[in-house]
Amino acid sequence: MNNVKRAELYRRLASIDPHPTTELEYQSPFELLIAVILSAQATDVGVNKATRRLFPIADTPQAILALGEEGLKSHIRTIGLFNSKAANIIKTCAILLQQHGGQVPETRSALEALPGVGRKTANVILNTAFGHPTIAVDTHIFRVSNRTGLAPGKDVVAVEKRLLKVTPRQYRQHAHHWLILHGRYVCKARRPNCPECVVADLCDFKEKTA
């Protein structure tokens with residue numbers, strides 16, 4: 001895909017959703033951090049069901065630590081890998097209090113030092129909570145980038161770097177959400193909905209669905 005097509009792809013995605021955001025429900029950077037940690041190998045719908053029970057009683061590091069690991073598990077046990085996620089969240093809350101005054105840090109290095117937080121999660125927090133023009137590459141964005149020819153790469157880091165290089169500056173802030181939503185609802189893994197795709201004519205995918 002050339003630069004003219006890339007710019008047009010983003011222009012079209014922006015025209016149908018000018019201000020995209022995450023489908024995770026949150027009211028603060030801390031709530032978003034917890035929701036993103038919980039979302040690993042889980043759906044946003046499933047995470048939202050759990051956090052609707054959790055956040056009304058524990059929406060700060062102090063409150064979650066007061067619940068304790070077992071208390072936290074009782075609120076998130078419907079989510080996959082809840083045991084390891086609960087352990088990571090408890091450790092993360094302790095670090096936030098000890099090293100960051102209870103606040104979510106705004107640097108990649110500090111975020112990635114938190115248990116349960118990797119590069120993708122750090123990028124989500126930087127972009128969605130703090131407005132940094134980062135792009136968090138998940139399976140949806142990896143698929144869309146390679147399938148369409150937007151930013152091909154062999155792994156998620158390669159795709160992330162390529163996207164940051166080829167995405168026009170005015171679209172970088174929202175590129176993450178446009179691409180993830182496009183991959184989730186249109187450019188699906190098993191059967192992409194090409195007839196309903198607004199960028200099908202720009203896409204390099206040769207096996208388009210009828």
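Fair warning: this is a prediction, and the values are worked out from it, not measured in the lab.

**Thoughts on the nonpolar core**
Phase 1: Core analysis: the biggest nonpolar cluster contains 34 residues, and Leu33, Ile34, Ile64, Leu72, Ile76, Ile89 and Leu111 have the highest contact counts within it.
Phase 2: Broken down by secondary-structure element, the contributors of at least two residues to this core are α2 (29-38), α3 (44-54), α4 (61-76), α5 (82-100) and α7 (119-129).
Phase 3: Examining the composition of this core, we find that eight residues originate from one element, α2, more than from any other.
Phase 4: Excluding anything up to four places from it in sequence, Leu72 contacts Leu54, Ile64, Leu67, Ala86, Ile89 and Ile90.
Phase 5: Membership of the second largest hydrophobic core comes to 26 residues, among which are Leu13, Leu179, Leu181 and Val199.

**Describing the pattern of salt bridges**
Phase 1: Summed over all chains, the structure comprises 10 salt bridges.
Phase 2: Here Asp44 makes a salt bridge to Arg184, at a shortest N to O gap of 3.1 Å. Of the two residues, Asp44 is situated in helix α3 and Arg184 in helix α10 (residues 172-185); the sequence distance between them amounts to 140 residues.
Phase 3: If you follow the salt bridges from partner to partner, you end up with Glu8, Arg11, Arg12 and Asp201 in one network.

**Here's the deal with helix α9 (residues 156-166)**
Phase 1: Within α9, burial applies to Val159, Glu160, Leu163 and Val166. Looking straight down α9, one finds its buried side chains confined to an arc of 145°; they lie on one side. Pointing more than 90 degrees away from the buried face of α9 are the exposed residues Lys161 and Lys165.
Phase 2: Each element contacted by the buried residues of α9 is listed here: α1 (3-16), α6 (108-112), α7, α8 (139-148) and α10.

Conventions adopted
- Residues numbered from 1 in each chain as written.
- Predicted model: local features only at pLDDT ≥ 70, side-chain atom pairs only at ≥ 80, totals over all residues.
- Heavy atoms only, no water.
- Core = buried A, V, L, I, M, F, W, Y, C linked by side-chain atoms within 4.5 Å.
- Buried < 20%, exposed > 50% of the residue type's maximum accessible area, 1.4 Å probe, protein only.
- Helix = DSSP H or I, 4+ residues; strand = E, 2+ residues; numbered from the N terminus.
- Contact = heavy atoms within 4.5 Å.
- Salt bridge = Lys/Arg side-chain N within 4 Å of Asp/Glu carboxyl O.
- Arc of directions from axis to C-beta.

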